[in-house]
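Below are the chains, spelled out letter by letter.
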Amino acid sequence: MEQTETPAGDDLLPWSDPEFIREPWPWFDRILRDHPIVKLSDGSYVISKHADVMKYAKHPTLVSVSPDGIGDSPWAANLNSVLLTEGERHSRILRTFSTWLTPKMAQKWAEVAADSARAALDRMGPDGVIEAHRELGVQPAQDAMAHVLGIDREDGFPYIHATNLTMMAMGWDPSGEEVRRANEGFGYMMFQAETLIEKKRANPGDGQLLDEMIKAADEGRLTERELKESIQILWGSAAHNPGQLMASALVDFADNPDVFQAYKHDVDAREHILNEVIRRSLPEMALDRYTTEPLQIRDVEIPPGTRVRFILGAALRDPEVFPNADEFDYHRPKEASMALAFGLGAHRCVGQAFARAVGRAVIAVLVERFDKVEVVGEPVWVRSDRHRNCEGLTVRFS
Amino acid sequence: MDPIEILFGTESGNAEMVADDIAEALGRHGIEHEVTSMDTYDVDQLSTVDVAVVITSTYGDGELPMTTAPFHDALVTKRPDLSSLRFAAFGLGDSTYETYGNAIGILVKTLTELGATQIGETGRHDASGAETYTETALAWISATLESADITQ
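If you're wondering where the values come from, they're calculated on a predicted model, not measured in any experiment. (Residues numbered from 1 in each chain as written. Chains lettered and ligands numbered in written order. Predicted model: local features only at pLDDT ≥ 70, side-chain atom pairs only at ≥ 80, totals over all residues.)

Undergrad: Which residues make up the overall build of chain B, and what are the values?
TA: Of the regular secondary structure elements, chain B holds four helices and six strands. Starting at the N terminus and ending at the C terminus, chain B contains elements arranged as β-α-β-β-α-β-α-β-β-α. At 14 Å, chain B has a C-alpha radius of gyration in line with the 15 Å of a compact globule built from 152 residues. Seen through its principal axes, chain B has C-alpha atoms that stretch 40 × 35 × 25 Å. The 152 residues of chain B split such that 42% are buried. Taking all contacts inside chain B whose residues are at least 6 apart in sequence as the whole, residues at least 24 apart take part in 80%. (Helix = DSSP H or I, 4+ residues; strand = E, 2+ residues; numbered from the N terminus. Rg over C-alpha atoms; globule rule 2.2 N^0.38 Å. Buried ≥ 20, exposed ≤ 12 C-beta atoms within 10 Å, placed from the backbone. Contact = placed C-beta atoms within 7 Å.)

Encoded structure:
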């Protein structure tokens, strides 16, 4: 019998194939089943199994920036931020704002988000139709962050669009056009951050986070560049993934009306439902890391200076952990591993508690008022091989 | 008995939530208590405390998080006499790290060296496990109160 050839790694993961970008699941299922370690023709490796991602993605010898340098990637704009620094520098920058994003603090901020959602629903017409991504996903999170920072509220949507542009440059092989637009996105958000900082310096003393971080910079605990990049991220992407989370939740509720009812009537089910929404929402499909020392994963020794992509989107549908992965099933065993969607290790999402609290608070407002949600028209999804986000979702509540 | 002193050291706020859960549990048993962040607590006071609950997460590669570190440093430099202190210990960690739950181990060792007596077993929450912080903490405090002679 003829033996089929082992497919080349590059064939297993067609990063630029529009169908792959739209719905990568069949490709992920295949590598989960048959190719837990994929080696690509450029020498990179791809890891997909849940157990391997959990164990290795946070390996202390992995870094976020290639040891050869970031080159001319637009993401050089964040080299002085928690995203791309390591070790003590990373801790120092992180600690200037992390205490404002603890679970306890997040509960306070979520109240602002809930009020914002309520106001949006009050403005809704009798037909129950609303641009939910913006009004219930983006704006509540943006308003909550405005409160945290101590700044005026603003329309969050331009920041979503700008962040989506920057995310395109995190894809496996961004085009020249995508790189140009990513630089535009960063330019916009950095300009906004600099303006906010200047304004707050002219009116200091409110003791909120921006004021405190400016103080940290003035006292030498943050460089000016670190301050600007931190504010660019905190303000610029405050609502990006919360918006995706809410859009994904609403689509899940529309497709599974019994789940909306369960959230409404069964308070004990809520956290489980939210975790399942998170498992499926996948704003960040993968983490790219670089080895600095040889790293042994299964029977492969990965040499130093190698890119390794850990696909969270695959790990979160590993049949060994999440059987029937395509189903919305909130009775899955409560695994902290669902937090995998927020990353892991030093660079895990610092906004996790914030995102969860805002999501919880807004969904609670929705189930208080309504019994059902339906999607109206076609959602506008913005996707790459690396991220999944939204720029439009209209729904009808009843 | 004096109020039980609940001291927590945290990096991302999870140990604080555990401290609150434990405080609530003690409250339900009618036990007076106080919750304090380790970085604001004067270690000299510890020599006058009957019973304390210490809670810390582990940061990075087995290190002490930002509010535990100064507390531990103060213990090591001031060396208060803790021979009349009894303490229970709960650690937050992640078993996929080799240094799983290292920070609570460091604290327990130092407190014991200064003369304090540990009550019950060290509680551990595993971030890679299936239980929530609350589930693990409540089960642990329940077992610890049962095994210890803590009067109401």
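Undergrad: Describe in detail the interface of chain A and chain B, supporting the description with residues and values.
TA: Between chain A and chain B, the residue contacts involve 15 residues of the former and 14 residues of the latter. Listing elements by their share of the side of chain A that touches chain B, those giving two or more residues are α4 (50-56) and α6 (103-123) of chain A. Looking at the side of chain A that touches chain B, its residues break down into seven nonpolar, three polar and five charged. (Nonpolar A, V, L, I, M, F, W, Y, C, P; charged D, E, K, R; others polar.)

Undergrad: So, the packing of helix α7 (residues 132-149) of chain A against helix α12 (residues 240-255) of chain A: which residues are in play, and what are the values?
TA: Residue and element names in this part refer to chain A. In contact at an axis separation of 8 Å, α7 and α12 are set at 140° when each is read in the N-to-C sense. When the axes of α7 and α12 are compared, the pair comes out oblique. Both α7 and α12 take part in a crossing whose hand is right-handed. Residue-level contacts link Ala132, His133, Leu136, Gly137, Val138 and Ala141 of α7 to Pro242, Gly243, Met246, Ala247 and Leu250 of α12. Tallied by class, residues from the contact of α7 with α12 come to eight nonpolar, three polar and no charged. (Axes fitted to C-alpha atoms, helices over the stretch in contact; angles between N-to-C directions. Parallel < 35°, antiparallel > 145°, perpendicular 65-115°, else oblique. Left-handed = near helix turned anticlockwise from the far one by under 90°.)

Undergrad: Go over the packing of helix α9 (residues 176-202) of chain A against helix α10 (residues 209-218) of chain A with me, naming the residues and quoting the values.
TA: All names here are of chain A. Axis separation between α9 and α10 bottoms out at 10 Å; the angle between their running directions is 85°. It follows that α9 is roughly perpendicular to α10 by the angle criterion. Along its contact with α9, which presents Leu196, Ile197, Lys200 and Arg201, the element α10 presents Leu210, Asp211 and Ile214. Of the residues assigned to the contact of α9 with α10, the class counts are four nonpolar, no polar and three charged.

Undergrad: Residue-level account of the nonpolar core, with values.
TA: One finds Ala113, Leu250, Leu312, Val358 and Val362 of chain A to be the most contacted residues of the largest nonpolar core, which totals 107 residues. What Leu312 of chain A contacts, discounting residues up to four positions off in sequence, is Val53, Leu282, Glu284, Met285, Ala286, Leu287, Leu340 and Ala341 of chain A. (Core = buried A, V, L, I, M, F, W, Y, C linked by C-beta atoms within 7 Å.)

Undergrad: Can you explain the confidence of the model for chain B? Please cite residues and give values.
TA: Segments scoring low in pLDDT should not have their predicted coordinates read at a detailed level. Across chain B, the average pLDDT comes to 92, with 98% of residues at or above 70. Reported for the predicted complex are a pTM of 0.93 and an ipTM of 0.84. (pLDDT = per-residue confidence, 0-100.)

Undergrad: Report on unusual backbone geometry, specifying residues and quantitative values.
TA: Most peptide bonds adopt trans geometry, and most residues besides glycine take a negative phi value. Residue and element names in this part refer to chain A. Unusually for a residue other than glycine, Leu282 sits at a positive phi of about 45°. Tracing the chain through its elements places Leu282 in the loop between α14 (270-281) and β5 (286-291). Non-glycine residue Asn324 carries a positive phi angle of around 50°. Assignment of secondary structure puts Asn324 in the loop between α15 (312-315) and α16 (352-369).

Undergrad: Talk me through α14 of chain A; I want residue IDs and the actual numbers.
TA: In an α-helix there are 3.6 residues to a turn, and that puts residues three or four apart on one side. Residue and element names in this part refer to chain A. With twelve residues, α14 should cover 16 Å at 1.5 Å per step; its first-to-last C-alpha distance of 16 Å lies within 8% of that length. Among all positions in α14, only Ile273, Asn275, Glu276, Val277, Ile278, Arg279, Arg280 and Ser281 are buried. On the buried face of α14, the contacting elements are α12 and α13 (257-265). Positive phi appears at Leu282, one or two residues downstream of α14, with a value of about 45°. (Expected span 1.5 Å × (residues − 1).)

Undergrad: Lay out the sheet that holds strand β4 (residues 129-131) of chain A with the relevant residues and their values.
TA: All names here are of chain A. Ordered by their spatial adjacency, three strands build an open sheet running β4-β10-β9, and the pairing between neighbours is antiparallel. The sheet is open, and its two borders are formed by β4 and β9 (373-383), each paired with just one other strand. Taken over all neighbouring pairs, the strand axes of this sheet differ in orientation by 15° on average, direction set aside. Bridge count for β4 against strand β10 (residues 388-397) is three bridges, and the pairing is antiparallel. The residue of β10 that forms the bridge with Ile130 is Val395. (Pairing = 2+ DSSP bridges.)

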